[in-house]
Amino acid sequence: MSATQLSSRRLSGALIGYGFISGNGHVPAYLERKRTTDDVEIVAVADICAARRELARKALPQARIYPDYASLLQAEAGRLDFVDISTPPCDHAKVAHAAFDHGLHVLCEKPLTTTLEDAAALLEHARRARRVLFPCHNYKHAPVAKKVREIIDSGRIGKVRALTLNTFRNTHAKGVTEWHTHWRREHRYSGGGIAMDHGSHSFYLTFDWMGAYPTAVTAKMSNLEPGRWDTEDNFSAALTFPNGVAYAQLTWTAGVRKVMYTVQGDQGAITIDDDDLQLAVMRRTDGPDVAQGAVTWEVEKYSISSHWMDASHVSWFNSMFDQFLVAIRDGDFVGKDAREAYLCIQIITQAYRSAADSCREKPLSAEAWHVPSVPMEREQGLRLGR
Ligand SMILES: NC(=O)c1ccc[n+]([C@@H]2O[C@H](COP(=O)([O-])OP(=O)(O)OC[C@H]3O[C@@H](n4cnc5c(N)ncnc54)[C@H](O)[C@@H]3O)[C@@H](O)[C@H]2O)c1
């Protein structure tokens, strides 16, 4: 069936993994969609945990429930259009490969994979199978992030030259209590700590706001409880871009849950503290060009409700899912978001190498970004078109 035919009728999907993000973020959004646009229905769920399967049965009484993804795919693939993968990262690649083998499109939670080799193989498989691979890069769909995009596009802060992205969390994110609640602190499930868990969000925001891709990374990280966990709880990285620099700091040991971002342009700046956004635009005065005397700032303040405290980010899901549908409609099998997911994994893995090598800078080379047989629309170092 062609991509166009698929997108002109209601799509049938299956959930692989019914944990926190699936139960609190994806399913309520799908149910909302069913009530409104009625363009998608979840008809099957697989989860390896019996208690989670029981909860899935209650949330989706019409859905058929399976104890693992393989039995679900075997029984359901002929009736499905896509799978939505919300397992821990260690299993994303194998489930996605199996879904492509059954001719299905894939919506996959971040991080796309835990290794760069797995990410490259997945993009290549999507291209070969002619099925969409789409990562859940949902932070771009937060209302406050959309406002940043709108301000940058308006030209009011001029050319963006620097970013800071601080993500403060008072604890590691936790999974549901019925399964391995602390899997993010165990490398075998997560592939890494806060950089692997949350880094993608910071990095794809930098691509969007800088309007470019980075060429190098240097990073530092630490683990305040090494006897207990084998993944990092603090991470910072500096990314070199052709047109500037971005600094990302991520911590699970903060005293507050919050994001604080700044976007510095050559004509002004945006500062974000969760929902609060301040725009400062430079005004040249007639005064002498000494010290700060020749410039004043016109300041605008906005409060843009983005529900940052709700870790399920349910209110951002359907804006992102719309893009997944567009990719299916357009046959955009390995689109910009998929390639950026690959780049995120490259940054995370190169950042880990940098941190292990006394913060030595590691390249993010065009060659390393090349995915075999998948032509990159834009090479490293070139500005992104909009
Ligand atoms: N985009 C976001 O804002 C966001 C937020 C939270 C979580 N996530 C991502 O969602 C994924 C899941 O995180 P979570 O917090 O929901 O975890 P969780 O522990 O709450 O849920 C994981 C579920 O998957 C099930 N599971 C584990 N292995 C499985 C397998 N092989 N097959 C089928 N089921 C399996 C578990 O039983 C559990 O029910 C992770 O990749 C995480 O990074 C994304």
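How each quantity is defined
- Residues numbered from 1 in each chain as written.
- Predicted model: local features only at pLDDT ≥ 70, side-chain atom pairs only at ≥ 80, totals over all residues.
- Helix = DSSP H or I, 4+ residues; strand = E, 2+ residues; numbered from the N terminus.
- Rg over C-alpha atoms; globule rule 2.2 N^0.38 Å.
- Buried ≥ 20, exposed ≤ 12 C-beta atoms within 10 Å, placed from the backbone.
- Pairing = 2+ DSSP bridges.
- Contact = placed C-beta atoms within 7 Å.
- Axes fitted to C-alpha atoms, helices over the stretch in contact; angles between N-to-C directions.
- Domains from an automatic or database assignment.
- Core = buried A, V, L, I, M, F, W, Y, C linked by C-beta atoms within 7 Å.
- Near = placed C-beta within 6 Å.
- Nonpolar A, V, L, I, M, F, W, Y, C, P; charged D, E, K, R; others polar.
- Parallel < 35°, antiparallel > 145°, perpendicular 65-115°, else oblique.
- Left-handed = near helix turned anticlockwise from the far one by under 90°.
- pLDDT = per-residue confidence, 0-100.

## Considering the overall build of the protein
Moving on, step 1. From N to C terminus, the protein includes 12 helices and 15 strands.
Moving on, step 2. Whereas a compact globule of 386 residues would reach a radius of gyration of roughly 21 Å, the protein reaches 21 Å, a difference of no more than 12%.
Moving on, step 3. Along the longest, intermediate and shortest principal axes, the C-alpha atoms of the protein span 75 × 50 × 40 Å.
Moving on, step 4. Within the protein, buried positions represent 45% of all 386 residues.

## Some thoughts on the sheet that holds strand β13 (residues 276-284)
Moving on, step 1. Strand order across the open sheet formed by 9 strands is β14-β13-β12-β11-β7-β10-β9-β8-β15, with mixed pairing between neighbours. Taken across any chain shown, the strands that pair with only one partner, and hence form the sheet edges, are β14 (295-303) and β15 (362-363).
Moving on, step 2. Of the strands in this sheet, β8 (216-222), β9 (234-241) and β15 are in contact with helix α11 (residues 336-356), which crosses β8 at around 65°.

## Re the domain arrangement of the protein
Moving on, step 1. The domain boundaries assigned to the protein delineate domain 1 (3-138 + 315-334) and domain 2 (140-304 + 343-369).
Moving on, step 2. On a C-alpha basis, the centroid separation for the pair domain 1 and domain 2 is 27 Å.
Moving on, step 3. Listed as interface residues are 21 residues of domain 1 and, on the opposing side, 21 residues of domain 2.
Moving on, step 4. Within the residue set of the side of domain 1 that touches domain 2, elements represented by two or more residues are α3 (50-59), α6 (116-129) and α10 (314-330).
Moving on, step 5. Sort the elements by how many residues they give to the side of domain 1 that touches domain 2 and α10 lands first, with 3 residues.

## Digging into the sheet that holds strand β2 (residues 40-46)
Moving on, step 1. Strand order in the open sheet formed by 6 strands is β3-β2-β1-β4-β5-β6, with parallel pairing between adjacent strands. Looking at the sheet topology across the chains shown, the edges are occupied by β3 (64-66) and β6 (133-135). Between one strand and the next, the sheet's axes are offset by a mean angle of 25°, whatever the strand orientation.
Moving on, step 2. Where strand β5 (residues 105-108) meets β6, 3 bridges bridge the pair, whose relative direction is parallel. Residue pairing for β6: Leu 107 is matched across the bridge by Phe 134.

## Re the environment of Trp 308
Moving on, step 1. Of note, Trp 308 is situated in the loop between β14 and α10.
Moving on, step 2. Taking the number of C-beta atoms within 10 Å as the measure of exposure, Trp 308 has 16 and is therefore partly exposed.
Moving on, step 3. Sequence separation of Trp 308 and Met 282 is 26 residues, and the distance between their C-alpha atoms is 29 Å.
Moving on, step 4. Excluding residues within four positions of it along the chain, Trp 308 makes contact with Val 259, Asp 274 and Asp 275.

## Quick notes on the nonpolar core
Moving on, step 1. Among the nonpolar cores identified, the biggest contains 105 residues, and Ala 14, Ala 96, Val 106 and Leu 133 are the most heavily contacted of them.
Moving on, step 2. In terms of residues, this core owes the most to one element, α11, which gives 11 residues.
Moving on, step 3. Formed jointly, this core draws a minimum of three residues from each of two domains, domain 1 (3-138 + 315-334) and domain 2 (140-304 + 343-369).
Moving on, step 4. Setting aside its immediate chain neighbours within four residues, Ala 96 contacts Ile 85, Val 106, Cys 108, Leu 122 and Leu 133.

## Some remarks on unusual backbone geometry
Moving on, step 1. The linkage connecting Lys 110 with the following residue, Pro 111, adopts the cis geometry, with an omega of -15°.
Moving on, step 2. Inspection of the secondary structure puts Pro 111 in the loop between β5 and α6.
Moving on, step 3. In the Ramachandran plot, Asp 274 falls in the positive-phi region, its phi being about 50° despite a non-glycine side chain.
Moving on, step 4. By the element assignment, Asp 274 lies in the loop between β12 (268-273) and β13.
Moving on, step 5. Non-glycine residue His 307 carries a positive phi angle of around 55°.

## Focus: the site of the ligand
Moving on, step 1. The immediate surroundings of the ligand are formed by 29 residues, with Gly 17, Gly 19, Phe 20, Cys 49 and Gly 175 found nearest.
Moving on, step 2. By residue number, the principal contributor to the shell around the ligand is helix α2 (residues 20-35), which donates 3 residues.
Moving on, step 3. Along the lines of polarity and charge, the residues of the shell around the ligand split into 14 nonpolar, 8 polar and 7 charged.
Moving on, step 4. Each of domain 1 (3-138 + 315-334) and domain 2 (140-304 + 343-369) gives at least three residues to the shell around the ligand.

## So, the packing of helix α9 (residues 194-210) against α11
Moving on, step 1. Packing of α9 against α11 brings their axes to within 9 Å, and their N-to-C directions diverge by 120°. With respect to α11, the axis of α9 lies oblique. Crossing handedness for the pair α9 and α11: right-handed. Packed against α9, whose contacting residues are Ala 195, Met 196, Gly 199, Ser 200, Phe 203, Tyr 204 and Phe 207, the element α11 presents Glu 340, Ala 341, Cys 344, Ile 347, Ile 348 and Ala 351 at the interface.

## Observations concerning the pairing of β9
Moving on, step 1. By the alternation rule, side chains of β9 split into Phe 235, Ala 237, Leu 239 and Phe 241, which are all buried, and Asn 234, Ser 236, Ala 238 and Thr 240, of which none is buried.
Moving on, step 2. Two elements, β9 and strand β10 (residues 244-251), share 8 bridges in a ladder whose sense is antiparallel. Along β10, the bridge assignment pairs Phe 241 with Gly 244.
Moving on, step 3. Connecting β9 to the next strand, β10, in antiparallel fashion are 2 residues.

## With respect to the confidence of the model for the protein
Reading fine detail from the predicted coordinates is not recommended where pLDDT is low.
Moving on, step 1. Taken residue by residue, the protein gives an average pLDDT of 92. The fraction at 70 or more is 91%.
Moving on, step 2. Low pLDDT, under 50, characterises residues 373-386; the stretch is placed with 24 contacts to residues that sit more than four places away or in other chains.

## Some words on the packing of α6 against α11
Moving on, step 1. With their axes 9 Å apart at the nearest point, α6 and α11 run at an angle of 170° to one another. Between α6 and α11, the angle falls in the class roughly antiparallel. Between α6 and α11, the residues in contact are Leu 116, Ala 119, Ala 120, Leu 123 and Ala 126 and Ala 338, Ala 341, Tyr 342, Ile 345, Gln 346 and Thr 349, respectively.
Moving on, step 2. Along the lines of polarity and charge, the residues of the contact of α6 with α11 split into 9 nonpolar, 2 polar and no charged.

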